[in-house]
Amino acid sequence: MFRRKTLLVMMCLVIVVGLIAACSSNSSNSSSKNATSSNGSSNTSGQTDAADKIVDIEVWNGNTGFKAVEKGSPMYNFLAELLGVGFISPYVEWNGGTDYLNALNARIAAGEMPNVFLPYNGNEAELARNGAIADLTDLLPLYAPKLWELIPEEVWNIVKANDPTGQGRIYWVPGIKSYEKTTGLIRKDWLDALGLEMPTTQEEYVNVLRAFKEQDPNGNGVADEIPTGGRENARWMDHLFNQYGIAMVEGFPDWDIYDGELTFSAVSSNMKDALAFIAQLYKEGLMDQETFLNDKATWDGKIDSNLVGNYFHWGQGAYEHLEKLELGSGVKAEITVLPVIEAPGYEGKGFITTKQLGNPEWVVSAQQDEEHLIASLKFLNEIADESKWYDIYMGVEGMHHEVVDGKKVKLPEDKSTQQNSVSPFYQWGSMEFQEQMLLDSASEENKWRYEQSVQNMKELQQYVKVIAGDGLPSSIYDGYPDIKNNTLWYEYATKIIIGTYSIDKFDEFVEKWYKSGGNVVTERAREWYAKVK
């Protein structure tokens with residue numbers, strides 16, 4: 001349950017050792033990345049025009065169970081033709097970021113950093129300070145002009161201001177959030193089956209959870225329903241916290257204004273009240289009793305098995321669960337947005353957290369030759385081309401989509417056969433583009449799923465608030481890795497919710513947090529905020 005603490009200590013050691021090893025080599029990372037071809041095939045004649053040569057690069061991004069992309073495979077050939085770059089991506093399990101980060105640090109330690117990759121949990125700052133990732137400031141306008149123009153100048157200026165080297169340079173490509181994706185979601189068909197209205201107050205919400213537990217809304221005659229829940233380390237259950245006005249992103253507490261000052265939400269009085277409420281839900285059995293054992297696959301499996309009444313995730317992604325519910329249980333479900341619940345004493349103060357400046361999405365290895373560096377930048381440039389997003393989304397014909405009456409229609413998700421890809425439309429796309437993409441890819445038979453997703457995406461925006469900590473640099477945590485990685489928070493939140501600790505222990509947590517570096521981190525955060533507000 002608390003394996004993350006050990007992982008984080010190992011991570012710091014791995015990065016230091018890995019950077020030393022990586023810097024000792026000027027060669028490309030691996031034979032797979034050194035391979036080049038013409039139009040995806042082996043070049044043996046030596047007569048291929050350099051402009052047509054496909055340079056292979058290794059790309060790491062999130063993968064929630066799809067197959068790897070190997071040289072010569074269908075996805076490799078598809079993207080090579082579309083982007084003009086050889087996209088090779090090994091299978092790296094995501095699992096909420098934990099397994100991904102572990103594997104990434106192992107590769108860095110071995111001196112085999114991917115050419116282009118998704119940084120995670122703020123590790124881009126340390127990599128930039130150590131010269132392990134490329135300074136992109138002058139490279140992007142020259143080799144990735146589409147990406148340079150896609151991201152607004154004011155966003156690039158924030159990235160420069162947050163440069164961990166203090167030189168005002170660009171070391172990562174940020175996401176842009178023109179709309180929020182996450183929300184509480186509820187089985188509206190379960191409400192209807194039990195004759196219940198959509199809850200808006202906390203009392204109504206708790207009564208709905210009790211009904212979900214006791215009145216067999218899935219209709220199988222077994223008391224197997226899970227009213228609500230989340231994942232290990234209190235992640236992906238933000239709907240239980242946001243009713244208390246807590247800044248939180250996918251289970252990570254964040255920074256907002258409390259008592260008139262920028263403060264880490266985990267140490268606010270709001271958090272104490274939220275934990276007391278959630279602990280009561282757990283005690284009453286209204287939360288999944290395995291919440292703190294659930295990884296992504298386990299929790300998603302419960303949702304897709306027609307067991308979960310209320311959960312927190314992407315509103316626009318509801319179609320994926322709807323498809324699996326219908327295929328697995330024969331249920332044509334209805335998953336809709338759960339309003340931000342009005343908690344006693346916090347009426348009108350709840351919200352869904354959002355940030356306009358997205359997380360760092362891409363960094364480029366500095367440990368590669370010029371040919372692969374330019375290919376890495378070409379990859380970023382081409383995925384920033386909005387005219388290619390629909391083709392990227394639809395993927396390979398016969399694997400990800402089929403053509404029906406001249407129209408591309410998405411095939412059901414099948415991780416046993418479908419290869420991974422990239423999703424620039426999630427990183428930089430607008431809500432309008434997402435709506436068009438979803439509806440255009442639907443068939444008459446499954447259109448209802450995508451319409452629900454679009455409706456959720458639109459409806460949740462009324463509950464969104466941009467928090468004061470938007471753009472706060474990860475450098476405020478320098479020297480305090482346990483604070484950065486929420487080590488103390490995970491321990492106390494978990495133990496309070498499951499009843500090992502009483503809520504009175506929260507005050508002990510706050511005291512320890514400040515003494516272990518929270519005072520310094522808070523001072524840095526407030527100094528930053530005074531400059532930007």
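Residues numbered from 1 in each chain as written. Predicted model: local features only at pLDDT ≥ 70, side-chain atom pairs only at ≥ 80, totals over all residues. Heavy atoms only, no water.

Asker: Run through the nonpolar core, naming residues and quoting values.
Answerer: Within soluble globular proteins, side chains that are nonpolar generally end up buried alongside one another. Counting residues in hydrophobic clusters, the biggest one holds 136 residues, and the most contacted among them are Phe241, Trp255, Trp362, Phe379, Trp428 and Trp489. Each residue touching tryptophan 489, except ones within four places of it in the same chain, is listed here: Phe241, Met248, Gly251, Pro253, Ala266, Met271, Leu275 and Phe509. Ranked by size, the runner-up nonpolar core spans 19 residues in total, among them Ile303, Tyr311, Val337 and Tyr463. (Core = buried A, V, L, I, M, F, W, Y, C linked by side-chain atoms within 4.5 Å. Buried < 20%, exposed > 50% of the residue type's maximum accessible area, 1.4 Å probe, protein only. Contact = heavy atoms within 4.5 Å.)

Asker: Give a description of helix α22 (residues 505-532) that names residues and reports values.
Answerer: Side chains three or four residues apart in an α-helix point the same way, a direct result of the helix having 3.6 residues per turn. Along its 28 residues, α22 runs just 35 Å from first to last C-alpha, ending more than 12% under the 40 Å computed at 1.5 Å per residue. Its axis deflected by about 75° at glycine 517, α22 carries its strongest bend there. Listed in full, the buried residues belonging to α22 are Phe506, Phe509, Val510, Trp513, Gly517, Gly518, Val521, Thr522, Ala525 and Trp528. (Helix = DSSP H or I, 4+ residues; strand = E, 2+ residues; numbered from the N terminus. Expected span 1.5 Å × (residues − 1). Bend = angle between axes of the 7 residues up to and from the residue.)

Asker: An account of the sheet that holds strand β7 (residues 182-187) is requested, with residue identities and associated values reported.
Answerer: Ordered by their spatial adjacency, 3 strands build an open sheet running β12-β7-β13, and the pairing between neighbours is antiparallel. Looking at the sheet topology across the chains shown, the edges are occupied by β12 (310-314) and β13 (335-337). Pairwise comparison of adjacent strand axes, ignoring direction, gives a mean angle of 45° for this sheet. Bridge analysis of β7 against β13 gives 3 bridges, and the strand direction is antiparallel. Paired with leucine 185 across the two strands is valine 337, which belongs to β13. Lying over the sheet, helix α19 (residues 447-459) contacts β7 and β13, oriented at roughly 15° with respect to β13. (Pairing = 2+ DSSP bridges. Axes fitted to C-alpha atoms, helices over the stretch in contact; angles between N-to-C directions.)

Asker: Run through a nonpolar patch on the surface, naming residues and quoting values.
Answerer: A grouping of Leu142, Tyr143 and Ile374 is seen on the molecular surface, where their side chains present a nonpolar patch of about 260 Å² in accessible area. Structurally, the position occupied by tyrosine 143 is in helix α6 (residues 139-143). (Patch = residues over 30% accessible without salt bridge, like charges linked within 9 Å, V, L, I, M, F, W, Y side chains within 5 Å. Areas by Shrake-Rupley, 256 points an atom, 1.4 Å probe, with all protein chains shown as cover. Salt bridge = Lys/Arg side-chain N within 4 Å of Asp/Glu carboxyl O.)

Asker: Pulling in residues and values, what's your account of the packing of aromatic side chains?
Answerer: Remark: the centre distance and the inter-plane angle together describe each pair of aromatic rings, the angle taken between the planes. Tallied over the full model, the rule gives 24 aromatic pairs. Here the aromatic rings of tyrosine 492 and tyrosine 501 are separated by 5.3 Å at their centres, their planes lie at 50°, and the arrangement is tilted. Tyrosine 501 shares its class with tyrosine 492; the two are buried. Here tryptophan 528 and tyrosine 529 contribute two aromatic rings whose centre-to-centre distance is 6.3 Å and whose plane-to-plane angle is 40°, an arrangement assigned as tilted. For tryptophan 528, a relative accessible area of 13% gives the class buried. On the accessibility criterion, tyrosine 529 (21% relative accessible area) is partly exposed. Taken together, the ring pairs in this structure connect Phe241, Trp489, Tyr492, Tyr501, Phe506 and Phe509 into an aromatic cluster. Directly above the aromatic system of tryptophan 314 lies the positively charged group of lysine 181, at a separation of 5.7 Å from the ring centroid. Sitting over the ring of tyrosine 346, lysine 349 keeps its end group 6.0 Å from the ring centre. (Phe/Tyr/Trp six-rings, centres within 6.5 Å; stacked < 30°, edge-to-face > 60°. Lys NZ or Arg CZ within 6 Å of the ring centre and 35° of its normal.)

Asker: Run through the pairing of strand β6 (residues 173-176), naming residues and quoting values.
Answerer: Residues of β6 alternate between two faces, with Val173 and Gly175 on one and Pro174 and Ile176 on the opposite face, all of them buried. Of the pairings in the sheet, the one linking β6 to strand β15 (residues 357-364) comprises 3 bridges and is antiparallel in character. Among the inter-strand pairings, isoleucine 176 is bridged to a residue of β15, identified as leucine 357.

Asker: Can you lay out the pattern of salt bridges for me, pointing to particular residues and giving the numbers?
Answerer: In total, this model carries 33 salt bridges according to the counting rule given. Ionic pairing is found between aspartate 138 and arginine 169, a salt bridge with its closest N-O pair at 3.0 Å. Note that aspartate 138 is positioned in the loop between α5 (123-129) and α6 and arginine 169 in the loop between α8 (153-161) and β6, a separation of 31 residues in sequence. On the accessibility criterion, aspartate 138 (56% relative accessible area) is exposed.

Asker: I'd like a description of helix α4 (residues 98-109), backed by residues and values.
Answerer: Between the first and last C-alpha of α4 there are 17 Å, a value that for 12 residues agrees with the 16 Å anticipated at 1.5 Å per step. Taken together, the buried positions of α4 are Thr98, Tyr100, Leu101, Leu104, Asn105, Arg107 and Ile108. In the segment just after α4, glycine 111 is the residue with positive phi, at about 70°.

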